[in-house]
Amino acid sequence: MGKVIAVVNQKGGVGKTTTAVNLTAGLHDLGLKVLLCDFDPQANATSGLGLEKRKLKHSVYEVIIDEVPTKDAIVPTKFGDVLPASADLAGAGVELLSMANPNFRLKEALSQVKNQYDLILIDCPPSLEMLTLNALAAADGILIPVQCEYFAMEGLSDLMTTMRMVKKRINPNLEIFSVILTMFDGRTNFSTQVAQEVRRHFPGKVCATVIPRNVRLAEAPSHGVPVAAYDKNSRGAVAYRAVAEELKKKL
């Protein structure tokens, strides 16, 4: 049975969706059966793997709210399978409050297909609210992208507090699977200092490979492909390939 990993950081702009999309593609290229569950109402991971949001028959919203079978909403792509999101997901947090077992709707949905995959990645919204709690309830572990910038550590304490609460009340098996350093600028001492600080806070959990600032990473989503399909020799593509290899060994 596959492992479920939530890609989570409530701070926006840290490379969360970029990480989810490119690791899905990278691990798929390494021979793993991967499902990317887009659980962010912005649905950027959905479009980042080439799906047109307006043409979807079903999305994860219908799965968790209307109980559409999970397999009916999954869309295969050449980069891995996708359980897509749509704008309807924005209101799901409120709707879940009136439903039975509101924190476990995503877990129940993913349990229908978990044994068909080596790994399920959940791209979480950039906030600590009902959708993120659903993702943490469903996950075996969390993967935290941390940008190598001034406010990198700000908010991580809130995330750790939420994780401890989830472990205590909802999902006692939840663990930190890995931490990925993103937006690293080797020209500055500051990026190096932030990387050292993150490694000190999460000993043994931080990937050896760092993700550099790279224009190709920013351009690839507009073409609906992971960076490896857009420019496989770019620094961003090489870095995510290396991170995928690291995570495959951990899996």
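Whatever comes next refers back to the structure up there.
Now for a quick tour of the structure. (Residues numbered from 1 in each chain as written. Predicted model: local features only at pLDDT ≥ 70, side-chain atom pairs only at ≥ 80, totals over all residues. Heavy atoms only, no water.)

**Here's the deal with the nonpolar core**
Okay, so step 1: Counting residues in hydrophobic clusters, the biggest one holds 56 residues, and the most contacted among them are Phe39, Leu106, Ile122 and Ile142.
Okay, so step 2: In terms of residues, this core owes the most to one element, helix α7 (residues 130-138), which gives seven residues.
Okay, so step 3: Contact partners of Ile142, with chain neighbours within four places excluded, come to Ile5, Ala6, Val8, Leu136, Met160, Met163, Leu174, Glu175, Ile176, Phe177 and Ser178.
Okay, so step 4: Judged by nonpolar contacts, the second largest core, of 32 residues, contains Ala20, Leu36, Ala45 and Val225. (Core = buried A, V, L, I, M, F, W, Y, C linked by side-chain atoms within 4.5 Å. Buried < 20%, exposed > 50% of the residue type's maximum accessible area, 1.4 Å probe, protein only. Helix = DSSP H or I, 4+ residues; strand = E, 2+ residues; numbered from the N terminus. Contact = heavy atoms within 4.5 Å.)

**Thoughts on helix α12 (residues 235-250)**
Okay, so step 1: Taking 1.5 Å per residue as the helical rise, α12 with its 16 residues ought to reach 22 Å, and the 23 Å between its terminal C-alpha atoms agrees with that figure.
Okay, so step 2: Buried residues of α12: Gly236, Ala237, Ala239, Tyr240, Val243, Ala244 and Leu247, and no others. Across the axial projection of α12, the buried residues extend over an arc of 160 degrees, all falling on one side. Seen from the open side of α12, the exposed residues pointing more than 90 degrees away from its buried face are Arg235 and Lys249. (Expected span 1.5 Å × (residues − 1). Arc of directions from axis to C-beta.)

**Things to note about the environment of Gly13**
Okay, so step 1: Summarising the element assignment, Gly13 is placed in the loop between β1 (3-7) and α1 (16-29).
Okay, so step 2: On a C-alpha basis, the gap between Gly13 and Ala220 in space is 16 Å, while along the polypeptide they are 207 residues apart.

**Re the sheet that holds strand β2 (residues 34-38)**
Okay, so step 1: If you trace the seven strands from one edge of the open sheet to the other, you get β3-β4-β2-β5-β1-β6-β7, paired in mixed fashion. The open sheet has two edge strands with one neighbour each: β3 (75-77) and β7 (175-182). Between one strand axis and the next, the sheet turns through 25 degrees on average, direction left out of account.
Okay, so step 2: Note: β2 against strand β4 (residues 80-83), three bridges, orientation parallel. Bridge pairing links Leu35 to Asp81 in β4.
Okay, so step 3: Packing against the sheet, α1 makes contact with β1, β2, β4, β5 (119-123), β6 (141-147) and β7, and its axis sits at approximately 165 degrees to β5.
Okay, so step 4: Along the sheet, helix α9 (residues 189-201) contacts β6 and β7; its crossing angle with β7, the most-contacted strand, is approximately 175 degrees. (Pairing = 2+ DSSP bridges. Axes fitted to C-alpha atoms, helices over the stretch in contact; angles between N-to-C directions.)

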